[in-house]
Amino acid sequence: MKSLFPSVDGNERDRAQLLQWMEQLLRGLDELKDPDRVFLKGNKDRSGHFYQTLAEDSVIPQQGAPLEDVNVQLLELLKSHPYHTKYFLTNILPMASIPGILGLLTAALVNGNNLWDVYGPAGAEAEVRVVSMMSKLVGYDHRKSGGYTTWGGQGAVFSGLRLAIAKFDPDAIQRGVPGNFYVLASESAHYSALKAVEATGLGRDKLIRVRSNPDNSMNLMDLEEKLERVMAGGGVPVYIVATTGTTDAMGIDNVKGVYDIASAVAERAGTRRPHIHADSALGGFFAMFNQYDFERNPLGLKEHVLDAIRPIRDKMLGLAYADSLCFDFQKLGQTPYVTSLFMVKDASDFTWVDLAPEHTPYVGHRGYGDYHTGYTLECSRMSSSIAMLSALLAFGVEGYQRLLAQFVEVNLAIRSALRDRVPGLEIVNADNPGIITAFRVYPDGKNYADELAGKYTAAEIQEINSMNERLFEVFGRQRDRIFLGDTKQHLMVDTKDGYRVPIYASKVFVISPYTQPEDAEYIAQYIQDQVASVYAYR
Ligand SMILES: *Cc1c(COP(=O)(O)O)cnc(C)c1O
């Protein structure tokens with residue numbers, strides 16, 4: 001069976017054979033591409049009993065198939081798959097860049113285990129380098145900071161909470177989690193926080209939601225009030241998630257403000273300050289502008305683009321106040337899944353949860369080997385740091401700046417095209433320049449300002465939401481043409497009759513390197529046509 005493995009001696013014939021199989025895949029994919037649609041070519045009906053039939057019919061073949069034939073089946077999977085053309089405008093699902101793909105391939109070629117540098121020295125080396133690079137970017141001291149690659153922004157939110165619990169009660173790793181620990185996150189925070197409180201054993205009731213401002217950032221007065229309320233009731237706030245780039249609207253929490261308030265409240269009570277995790281999964285890469293000279297503007301970015309990026313950059317400077325944070329390379333870092341980096345300001349935090357030598361009989365704690373990640377939740381780890389390193393080396397700070405600036409410029413163009421032409425449609429995250437435009441349609445006589453001001457009843461908002469949900473369906477059915485996103489909780493708003501309810505919005509999420517400002521008109525026209533069909537339905 002060794003013909004199914006790469007050569008052991010580096011001979012040319014085997015290399016040519018491997019390249020041929022790769023070529024078959026690449027060519028097969030290229031043949032499916034259509035730059036004017038979102039879906040790859042090929043018919044595939046995934047509706048009806050599609051998955052049920054698959055489950056019925058699938059068995060391991062008795063004899064393996066030749067790789068040429070397996071490749072044909074792999075390519076079959078790709079038919080009608082979404083692809084990141086200029087009309088791919090949904091959520092933060094990036095195209096994997098070539099350096100990202102090559103980095104992941106490099107990791108796979110030696111298949112080192114990032115658990116221990118004896119098994120995965122390449123991954124360890126890349127991980128240390130990437131953590132150092134990103135530490136310097138956000139203003140952490142690279143001699144004190146630490147980090148590791150993990151399973152998503154979700155994994156980072158979880159890892160931060162795990163550390164927070166251990167810091168507040170070092171006995172918790174032995175005896176379990178105290179029943180009075182609390183976590184605070186804004187209403188606009190990612191649901192990662194909800195899963196983390198459940199999975200760490202705190203329970204979902206221990207997640208306290210702080211109100212979001214109209215710009216989707218955390219309301220700091222409410223944070224202070226809720227911290228005090230938790231403590232007055234005998235609770236211990238151990239963890240605050242400050243979202244720096246909300247998933248739906250790119251609202252950015254004031255991390256320094258969160259830090260100041262948490263410090264002040266803790267000081268007044270004579271307790272430890274809660275661990276602050278900056279959930280920078282979405283927005284963190286805007287820190288690439290932390291050192292950008294906005295006056296000299298060396299990249300020659302347009303004035304309105306600079307104006308949009310500057311306030312984002314100013315907020316990203318706050319990341320340095322976080323005890324931990326995340327860089328989701330699989331989002332704006334342009335690398336394939338799963339490539340997420342969890343970082344801590346102070347690497348000694350890891351000692352709270354590290355395993356002792358007697359717990360790890362098979363690995364680490366030898367005279368040989370210097371890098372053993374006994375503090376991660378995973379045991380074996382993929383060396384995704386190699387893909388991160390590859391992307392960082394290939395893009396460089398300027399490459400990321402240019403790409404993000406392009407996304408922002410396209411987003412601004414789409415905003416202005418929408419404002420000009422679609423009556424009844426309002427942009428509901430106008431205060432958050434960035435790469436997302438969230439919009440909501442209103443029936444005659446209703447508008448966003450009144451909605452925010454609490455002038456509508458819950459029933460009225462329900463009706464507006466229903467109208468927007470119909471629009472989601474219209475967009476969703478045609479996502480092979482233009483693929484937009486949507487959310488059922490853009491914001492929570494107060495109603496006239498005393499409720500606090502979510503409002504729905506559709507989203508344009510600029511994430512493809514192929515979308516250009518010139519495409520904005522066509523995209524806006526498409527949106528206008530679909531909105532018109534929803535009005536006609538009424
Ligand atoms: C995407 C996202 C997450 C989850 O990240 P994954 O990489 O999908 O696990 C968490 N927080 C925020 C703010 C996000 O945007």
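A quick note: this is a predicted structure, and the numbers were derived from the prediction, not measured. (Residues numbered from 1 in each chain as written. Predicted model: local features only at pLDDT ≥ 70, side-chain atom pairs only at ≥ 80, totals over all residues. Heavy atoms only, no water.)

Participant: Explanation requested: the packing of aromatic side chains in the structure shown.
Facilitator: Here a ring pair, both rings aromatic, is described through the centre-centre distance and the interplanar angle of the planes. According to the stated counting rule, one finds 22 aromatic pairs in the structure shown. A ring pair is formed by Trp 116 and Tyr 119, whose centres lie 5.0 Å apart and whose planes are at 80 degrees; its orientation type is edge-to-face. On the basis of relative accessibility, which here comes to 40%, the residue Tyr 119 falls in the partly exposed class. Geometrically, the ring pair formed by Tyr 148 and Phe 350 is tilted, given 5.4 Å between the ring centres and 45 degrees between the ring planes. (Phe/Tyr/Trp six-rings, centres within 6.5 Å; stacked < 30°, edge-to-face > 60°. Buried < 20%, exposed > 50% of the residue type's maximum accessible area, 1.4 Å probe, protein only.)

Participant: When you look at the pattern of salt bridges in this model, what are you seeing that I'm missing?
Facilitator: Side chains that differ in charge, positive against negative, can pair when their charged atoms come close. This structure, assessed with the given rule, holds 32 salt bridges. Here Lys 86 makes a salt bridge to Asp 36, at a shortest N to O gap of 3.7 Å. Here Asp 36 lies in the loop between helix 1 (12–32) and helix 2 (50–57) and Lys 86 lies in the loop between helix 3 (67–78) and strand 1 (88–89), a separation of 50 residues in the sequence. For Asp 36, a relative accessible area of 49% corresponds to the partly exposed category. A salt bridge links Arg 440 to Glu 451; the nearest nitrogen and oxygen atoms lie 2.7 Å apart. Of this pair, Arg 440 sits in strand 10 (residues 436–441) while Glu 451 is found in helix 13 (residues 448–452), placing the two residues 11 residues apart along the sequence. Residue class for Arg 440 comes out buried when judged on its relative accessible area of 0%. (Salt bridge = Lys/Arg side-chain N within 4 Å of Asp/Glu carboxyl O. Helix = DSSP H or I, 4+ residues; strand = E, 2+ residues; numbered from the N terminus.)

Participant: I tried to follow the sheet that holds strand 1 on my own but got confused; where do I start?
Facilitator: The strands that make up a sheet pair up through hydrogen bonds in the backbone, lying either parallel or antiparallel. Spatial ordering of the open sheet is given by 1-11-12-10-9, a layout of five strands whose pairing is mixed. Two strands in the sheet have a free side with no partner beyond their single neighbour: strand 1 and strand 9 (425–427). The pairing of strand 11 (residues 483–494) with strand 12 (residues 500–509) spans seven bridges and is antiparallel. When the bridges of strand 12 are listed, Met 492 appears paired with Pro 502. Running over the sheet, helix 12 (residues 385–421) touches strand 9, strand 10 and strand 12 and is turned about 20 degrees from strand 10. Together, strand 1, strand 9, strand 10, strand 11 and strand 12 form the strand contacts of helix 15 (residues 520–537), whose direction differs from that of strand 10 by roughly 25 degrees. (Pairing = 2+ DSSP bridges. Contact = heavy atoms within 4.5 Å. Axes fitted to C-alpha atoms, helices over the stretch in contact; angles between N-to-C directions.)

Participant: Looking at this structure, I do not really get the site of the ligand. What am I missing?
Facilitator: Neighbouring residues of the ligand: 14 residues in total, closest Gly 153, Asp 279, Asp 328, Gln 330 and Lys 331. Between the ligand and Asp 328, the relevant distance is 2.6 Å, taken from an oxygen atom to a side-chain nitrogen or oxygen of the residue. The fraction of the free accessible surface of the ligand (380 Å²) that becomes covered by protein chains is 87%. When each cavity is represented as a set of grid points, the ligand is found to reside in the second largest pocket. Here the element with the most residues in the shell around the ligand is helix 6 (residues 152–168); it accounts for three residues. In the shell around the ligand, the residues fall into two nonpolar, nine polar and three charged. (Near = heavy atom within 4 Å. Polar contact = N/O pair within 3.5 Å; in protein donor to acceptor, adjacent residues only side chain to side chain. Areas by Shrake-Rupley, 256 points an atom, 1.4 Å probe, with all protein chains shown as cover. 1 Å grid on protein atoms, 1.4 Å probe; cavity = no way out; pocket = protein on both sides within 12 Å on 5 of 7 lines; lining within 4 Å. Sits in = over half its atoms within 2 Å of the grid points. Nonpolar A, V, L, I, M, F, W, Y, C, P; charged D, E, K, R; others polar.)

Participant: Teacher, can you tell me more about helix 11 (residues 303–316) here?
Facilitator: Note that an α-helix has 3.6 residues per turn; residues three or four places apart therefore point the same way. With 14 residues, helix 11 ought to run about 20 Å at 1.5 Å a step, and its terminal C-alpha atoms sit 20 Å apart, in line with that. Buried within helix 11 we find Val 305, Leu 306, Ala 308, Ile 309, Ile 312, Arg 313 and Met 316. Against helix 12 lie the buried residues of helix 11. (Expected span 1.5 Å × (residues − 1).)

Participant: Sorry, what's going on with the sheet that holds strand 7 (residues 324–328) here?
Facilitator: Pairing in this open sheet of seven strands is mixed, and the strands run 2-8-7-6-5-3-4 from one edge to the other. A strand with exactly one partner marks an edge of an open sheet, and here the two such strands are strand 2 (146–150) and strand 4 (207–210). Adjacent strand axes in the sheet meet at a mean angle of 20 degrees when their direction is disregarded. Sheet topology note: the strand 5 (residues 236–243)/strand 6 (residues 275–279) ladder contains five bridges and is parallel. The residue bridging Thr 243 from the neighbouring strand is Asp 279, located in strand 6. Packed on one face of the sheet, helix 9 (residues 220–232) meets strand 3 (181–186), strand 4 and strand 5 and runs near 150 degrees to strand 4.

Participant: Just checking my understanding: could you explain the layout of surface pockets for this structure?
Facilitator: Unfilled space is identified by rolling a water-sized probe across the atoms. Taken as a whole, the second largest pocket holds about 770 Å³ of empty space. In terms of lining, the second largest pocket is formed by 36 residues, of which the most central are His 190, Tyr 191, Ser 192, Thr 247 and Lys 331. Those elements that place two or more of their residues in the lining of the second largest pocket are helix 6, helix 8 (192–199) and strand 11. Top contributing element to the lining of the second largest pocket by residue count: strand 11, with six residues. Across the lining of the second largest pocket, the residue classes break down as 11 nonpolar, 16 polar and nine charged. (Points joined across faces, edges and corners; volume = space filled by probe spheres on them.)

Participant: Is there a simple way to think about the packing of helix 6 against helix 8 in this case?
Facilitator: Geometry of a packed helix pair, given as the angle between the helix axes and the separation of the axes. Orientation of helix 6 relative to helix 8, taken along the N-to-C sense of each, is 45 degrees, at an axis distance of 9 Å. Viewed along their axes, helix 6 and helix 8 adopt a mutual orientation that is oblique. At the point where helix 6 passes helix 8, the crossing takes the right-handed sense. Of the residues in helix 8, those touching helix 6 at Gly 153, Gln 154, Val 157, Phe 158 and Leu 161 are Ser 192, Ala 193, Lys 195, Ala 196, Val 197 and Ala 199. When grouped by side-chain class, the residues that make up the contact of helix 6 with helix 8 number seven nonpolar, three polar and one charged. (Parallel < 35°, antiparallel > 145°, perpendicular 65-115°, else oblique. Left-handed = near helix turned anticlockwise from the far one by under 90°.)

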